[in-house]
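A structural walkthrough
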Amino acid sequence: MKQLLSLILLIGIASNSSVSLRAAESAKESAVAVRKTYRNPLLPEIEIADPHVIRVDGKYYLYATTHTRGYDVFVSDDLVHWQNKGLAFDDPRRGDWAPDVFHNHRGDGKFYLYYTDNLPRKAQQLDKQIGVAVADSPLGPFTDKAVLATNSIDAHLFQDDDKKFYLYYVDLSQGFKIRVQPMSDPLTKTGDTKVVIQPTEPWEKISGHVTEGPFMLKRNGTYYLTYSGTGADSPNYGIGYATAQSPLGPFEKFKGNPIVQRGGKVLGPGHHSVIEGPDKKLWLVYHQKWDDKTNFKRFLAIDPMWFDDQGVIHGKATRESDEPAP
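1. Some points on the nonpolar core
Tyr168, Ile178, Val196, Ile197, Met216, Leu225 and Phe251 are the most contacted members of the largest nonpolar core, which has 20 residues in total. At the level of elements, strand 10 (152-159), strand 11 (165-171), strand 12 (177-185), strand 14 (194-197), strand 16 (222-229) and strand 17 (238-244) are the ones that each hand at least two residues to this core. The contacts of Met216, once residues within four sequence positions are left out, are His156, Phe158, Tyr168, Tyr223, Tyr224, Leu225 and Phe251. In this structure, Leu62, Phe74, Trp82 and Trp283 belong to the second largest nonpolar core, which totals 18 residues.

2. Comments concerning the pairing of strand 16
Most of strand 16 sits out of view: 8 of its 8 residues are buried. Every second residue of strand 16 is oriented toward a common face, with Thr222, Tyr224, Thr226 and Ser228 on one face and Tyr223, Leu225, Tyr227 and Gly229 on the other, all of them buried. Examined bridge by bridge, strand 15 (residues 211-219) and strand 16 share 7 bridges and lie antiparallel to one another. Looking at strand 16, one finds that Lys218 is bridged to Tyr223. By the bridge criterion, 7 bridges tie strand 16 to strand 17 in an arrangement that is antiparallel. Across the sheet, residue Tyr224 finds its bridge partner in strand 17, namely Thr243.

3. A few points about the sheet that holds strand 7 (residues 111-118)
Taken in spatial order, the 4 strands line up as 6-7-8-9 in an open sheet, and their pairing is antiparallel. With one partner strand each, in any of the chains shown, strand 6 (97-103) and strand 9 (143-150) form the two edges of the open sheet. Adjacent strand axes in the sheet meet at a mean angle of 25 degrees, parallel and antiparallel pairs treated alike. Looking at chain direction, strand 8 (residues 128-135) and strand 9 are connected through 6 bridges and run antiparallel. By the bridge assignment, Val132 is partnered in strand 9 with Ala146.

4. Describing the pattern of salt bridges
Enumeration over the complete set of coordinates arrives at 17 salt bridges. Between Arg319 and Glu320 there is a salt bridge whose closest N-O contact spans 3.5 Å. For Arg319, a relative accessible area of 13% gives the class buried. The class for Glu320 is partly exposed, based on a relative accessible area of 36%. Linked through salt bridges whose partners overlap, the residues forming this network are Asp91, Arg93, Asp117 and Asp144.

5. Re the environment of Leu225
Structurally, Leu225 can be placed in strand 16. Relative accessible area serves as the criterion here: at 0%, Leu225 is assigned to the buried category. In this structure, the C-alpha to C-alpha distance between Leu225 and Thr243, residues 18 residues apart in sequence, is 6.2 Å. The residues touching Leu225, leaving out its near neighbours within four places in the chain, are Tyr168, Ile178, Val196, Ile197, Pro214, Phe215, Met216, Gly240, Tyr241, Ala242 and Phe251.

6. What to know about the environment of Gln174
Tracing the chain through its elements places Gln174 in the loop between strand 11 and strand 12. Each C-alpha atom of the pair Gln174 and Asn151 lies 9.4 Å from the other, and the pair is 23 residues apart in sequence.

7. With respect to the sheet that holds strand 22 (residues 313-315)
Strand order in the open sheet formed by 4 strands is 19-20-21-22, with antiparallel pairing between adjacent strands. In the strand order of this sheet, the two ends are held by strand 19 (270-276) and strand 22, each with one partner. If you compare each strand with its neighbour and ignore which way they point, the axes differ by 30 degrees on average. The sheet contact formed by strand 21 (residues 298-307) and strand 22 spans 3 bridges and is antiparallel. Note that in strand 22 the partner of Phe307 across the bridge is Ile313.

8. Overview of the environment of Pro269
With respect to the helices and strands, Pro269 occurs in the loop between strand 18 (252-253) and strand 19. Take Pro269: its relative accessible area is 0%, and that puts it in the buried class. Along the chain, Pro269 and Tyr237 lie 32 residues apart, while their C-alpha atoms are 6.0 Å from each other. Once you skip the residues sitting within four places of it in the chain, Pro269 turns out to touch Tyr237, Gly238, Ile239, Val260, Gln261, Arg262, Tyr286, His287, Gln288 and Ala317.

9. Topic: the side chain of Asp171
Along the polypeptide, Asp171 turns up in strand 11. Looking at Asp171, the relative accessible area reads 7%, which means it is buried. One polar contact links Asp171 to Arg179, side chain to side chain, over a distance of 2.8 Å. Setting aside residues no more than four positions away along its own chain, Asp171 makes contact with Asn151, Ser152, Phe176, Lys177 and Arg179.

Thresholds applied
- Residues numbered from 1 in each chain as written.
- Predicted model: local features only at pLDDT ≥ 70, side-chain atom pairs only at ≥ 80, totals over all residues.
- Heavy atoms only, no water.
- Core = buried A, V, L, I, M, F, W, Y, C linked by side-chain atoms within 4.5 Å.
- Buried < 20%, exposed > 50% of the residue type's maximum accessible area, 1.4 Å probe, protein only.
- Helix = DSSP H or I, 4+ residues; strand = E, 2+ residues; numbered from the N terminus.
- Contact = heavy atoms within 4.5 Å.
- Pairing = 2+ DSSP bridges.
- Axes fitted to C-alpha atoms, helices over the stretch in contact; angles between N-to-C directions.
- Salt bridge = Lys/Arg side-chain N within 4 Å of Asp/Glu carboxyl O.
- Polar contact = N/O pair within 3.5 Å; in protein donor to acceptor, adjacent residues only side chain to side chain.

This is the structure we're talking about:
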């Protein structure tokens, strides 16, 4: 009798172990099946360029060059699936490009939109100015406050660890040179501007002499001014960076630039922002060109960006391939 009971017990244990193993394997298979991916282009039905993304209370808000009547705001939980929430800034001057939105969470809590739009008496394509508008919500509506620079495009506001503000932008009067303007607050300039980046390298001169689209990162006390080079209407558009020990420079360009460039199906990757994804890693949000012609037909894309152990930035650009999602 004892032997029979022992045999029944052993069979039960083996059966339970088998069930547990099958359950574990099934869970693993389910996890693989639901593994999330993305594929560039994102929002392929919309012509999008110059995207800027912020994160507020766990949600992502994207502003970009689209219909140029102002800026719509797109909202996402994961950087992949975006919903258009409508017009956040209605600009009567039109010609709106390359927005940048700063959340003053260490100050008044408001949202500051740095826009590029047409000069009131626009005559030429590049008769542009930079201004600032403010809102209580990332959804807007943004109210226009001031013009900060004329004959200029592509503003980006950076706040340092000491809470000081710096506005980076492109001065068109001297040929697509990136300047920095110290700011006493998000609305007010203080002191003089200075040129920190200008076209000097062959890759920046393939299709026009251009350095534009500045975006600042800070890591371990080093300032990384990332930017795009050559003409944005070119498939040779790419991304590079320069480093400094001060937000005012001097900046030294990375010798391995561009860190993101055309290759395979990827054409004209550039004019980016950088944001931490749900996976706690850094992501480039940028645009690519649809074709290799000289035009401004572009779409939204995301891809990883990372620092190696030596503090070097690396990036990648993908198109029409399934990639692990943030």
